[in-house]
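Chain by chain, the residues run as shown.
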Amino acid sequence: MNRIEKVRQYVDSVLLNMSDAQERRCGYLHLYGVSQACAMIAIKRNENLELATIAGMLHDIYSYSTMDTKDHAHKGSVMSKEILKSMNIFTGDEINAICNAIYNHSSKGTKHSSFDEVLIDADVLQHCLYNPLFEVDEHEKARFEKLKYEFGLM
């Protein structure tokens, strides 16, 4: 089994155990939507496709497993490090890359490493495309405009 599928099994086990059907649906849409956006952006920017896809799947796993969004990026980074270490299929550098991106993904107003930027932008893209008729959050407008330009959508 490839590593993306191994992580997907873990994420599915968390989401399937959620009692609230609405939150479960949101979890599937958001985690896998961000994961797919990460893959697309990673390909475009020549970043590590596999690790970006995994970072997208895990970026909000803390929120969905605990139903707590307070400081979720930082707590999610710690939780993801434990998850990935327990699988024994990732190097320390790979775990650090994924977990650093998760740690920084809520800092939309700050520029981070090129790999971290993949997850931040994927999160913005999923938020903005979930329902394109919704108003784009103020703190995501600039990134969304840059993404539309980058992908020739303007």
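For the structure, check the block above.
To start, this report covers the structure provided alongside it. (Residues numbered from 1 in each chain as written. Predicted model: local features only at pLDDT ≥ 70, side-chain atom pairs only at ≥ 80, totals over all residues. Heavy atoms only, no water.)

**A few points about the nonpolar core**
In this structure, Val7, Val11, Ile54, Leu58 and Leu84 are the most contacted members of the largest nonpolar core, which totals 42 residues. At the level of elements, helix 1 (3-16), helix 2 (21-45), helix 3 (49-58), helix 4 (61-66), helix 5 (72-87), helix 6 (92-104), helix 7 (114-130) and helix 8 (138-150) are the ones that each hand at least two residues to this core. Discounting residues that sit within four places of it in the chain, Val7 has contacts with Ile54, Met57, Leu58, Leu84, Met87 and Phe90. (Core = buried A, V, L, I, M, F, W, Y, C linked by side-chain atoms within 4.5 Å. Buried < 20%, exposed > 50% of the residue type's maximum accessible area, 1.4 Å probe, protein only. Helix = DSSP H or I, 4+ residues; strand = E, 2+ residues; numbered from the N terminus. Contact = heavy atoms within 4.5 Å.)

**Quick look at helix 7**
One turn of the α-helix equals 3.6 residues, which is why residues spaced by three or four share an orientation. An ideal rise of 1.5 Å per residue puts 24 Å on 17 residues; helix 7 measures up with 24 Å between its terminal C-alpha atoms. Buried residues dominate helix 7, accounting for 13 of its 17 residues. (Expected span 1.5 Å × (residues − 1).)

**Looking at the side chain of His105**
Note on placement: His105 falls in the loop between helix 6 and helix 7. Take His105: its relative accessible area is 1%, and that puts it in the buried class. Of note is the side chain of His105, whose polar atom sits 3.1 Å from the side chain of Asp60. With near-sequence residues (within four places) excluded, His105 lies in contact with His59, Asp60, His72, Ala73, Leu119, Ile120 and Asp123. (Polar contact = N/O pair within 3.5 Å; in protein donor to acceptor, adjacent residues only side chain to side chain.)

**Describing helix 8**
All buried positions along helix 8 are accounted for by Glu140, Arg143, Phe144 and Leu147. Lining the buried residues of helix 8 we find helix 2 and helix 7. Downstream of helix 8 by one or two residues, Gly152 has phi in the positive range, about 65°.

Keep in mind that these numbers describe shape and distance, not what the molecule does.
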